[in-house]
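Listed below are the residues making up each chain.
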Amino acid sequence: MAWIVLIISGVLETVWAAALAASGGLSRLRPSVLFAAALTGSMVGLGYALRTIPLGTGYAVWVGIGAAGTAAYGMTALHEPVTAARLVCLTMIVGGVVGLKVLH
């Protein structure tokens, strides 16, 4: 169960990052509320998962999911550049996350 919560928390990290970008410096109400809710959910979920998952592994997986998800969102929804180098780097992040889970 902790791994499922950790994955959901990582996805929520992507949500709060995207909402923060859309909030215009927290000046738009709806994205700001979404930011706060997703941030809270992400942190609560991370805290729950770290009860049973080692800190280094859990935090790295959480950050990896959030970083890769946010970069993928930026490339698909915000039309940020999609380059071979970026895709290779994102693949390495995902590979590292999978490796941490498998080696846990």
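Structure's up top.
Keep in mind that what you see is a predicted model, and the values were worked out from it rather than measured.

## Observations regarding the packing of aromatic side chains
For the structure shown, the criterion picks out two aromatic pairs. Summarising the aromatic geometry, the rings of tryptophan 16 and phenylalanine 35 are spaced 5.9 Å apart at their centres and angled 75 degrees between planes, so their arrangement reads as edge-to-face. With tryptophan 16 in helix α1 (residues 2–22) and phenylalanine 35 in helix α2 (residues 29–49), this residue pair connects regions lying 19 residues apart in the sequence. Exposure remark for phenylalanine 35: the relative accessible area of 15% places this residue in the buried category. The interplanar angle of 35 degrees and the centroid separation of 5.6 Å between the aromatic rings of tyrosine 59 and tryptophan 62 together place this pair among those described as tilted. Of this pair, tyrosine 59 and tryptophan 62 both sit in helix α3 (residues 55–77), three residues apart, which is roughly one turn of the helix. Across the ring face of tryptophan 3, the terminal group of lysine 101 is positioned such that the distance to the ring centre comes to 4.7 Å.

## Re a nonpolar patch on the surface
There is a patch of nonpolar side chains on the surface, built from Met1, Ile4, Ile8 and Tyr48 and spanning about 440 Å² of accessible area. Along the chain, isoleucine 8 falls in helix α1. Under the relative-accessibility criterion, isoleucine 8 is labelled partly exposed at 48%.

## A closer look at the packing of α2 against α3
Relative to each other, α2 and α3 sit at 150 degrees, their axes nearing to 10 Å. One element, α2, and the other, α3, form an angle in the roughly antiparallel class. At the point where α2 passes α3, the crossing takes the right-handed sense. Within the contact between the two elements, α2 uses Ser42, Met43 and Leu46 and α3 uses Gly58, Tyr59 and Trp62. Split into classes, the residues belonging to the contact of α2 with α3 amount to four nonpolar, two polar and no charged.

The rules we used
Residues numbered from 1 in each chain as written. Predicted model: local features only at pLDDT ≥ 70, side-chain atom pairs only at ≥ 80, totals over all residues. Heavy atoms only, no water. Phe/Tyr/Trp six-rings, centres within 6.5 Å; stacked < 30°, edge-to-face > 60°. Helix = DSSP H or I, 4+ residues; strand = E, 2+ residues; numbered from the N terminus. Buried < 20%, exposed > 50% of the residue type's maximum accessible area, 1.4 Å probe, protein only. Lys NZ or Arg CZ within 6 Å of the ring centre and 35° of its normal. Patch = residues over 30% accessible without salt bridge, like charges linked within 9 Å, V, L, I, M, F, W, Y side chains within 5 Å. Areas by Shrake-Rupley, 256 points an atom, 1.4 Å probe, with all protein chains shown as cover. Salt bridge = Lys/Arg side-chain N within 4 Å of Asp/Glu carboxyl O. Axes fitted to C-alpha atoms, helices over the stretch in contact; angles between N-to-C directions. Parallel < 35°, antiparallel > 145°, perpendicular 65-115°, else oblique. Left-handed = near helix turned anticlockwise from the far one by under 90°. Contact = heavy atoms within 4.5 Å. Nonpolar A, V, L, I, M, F, W, Y, C, P; charged D, E, K, R; others polar.

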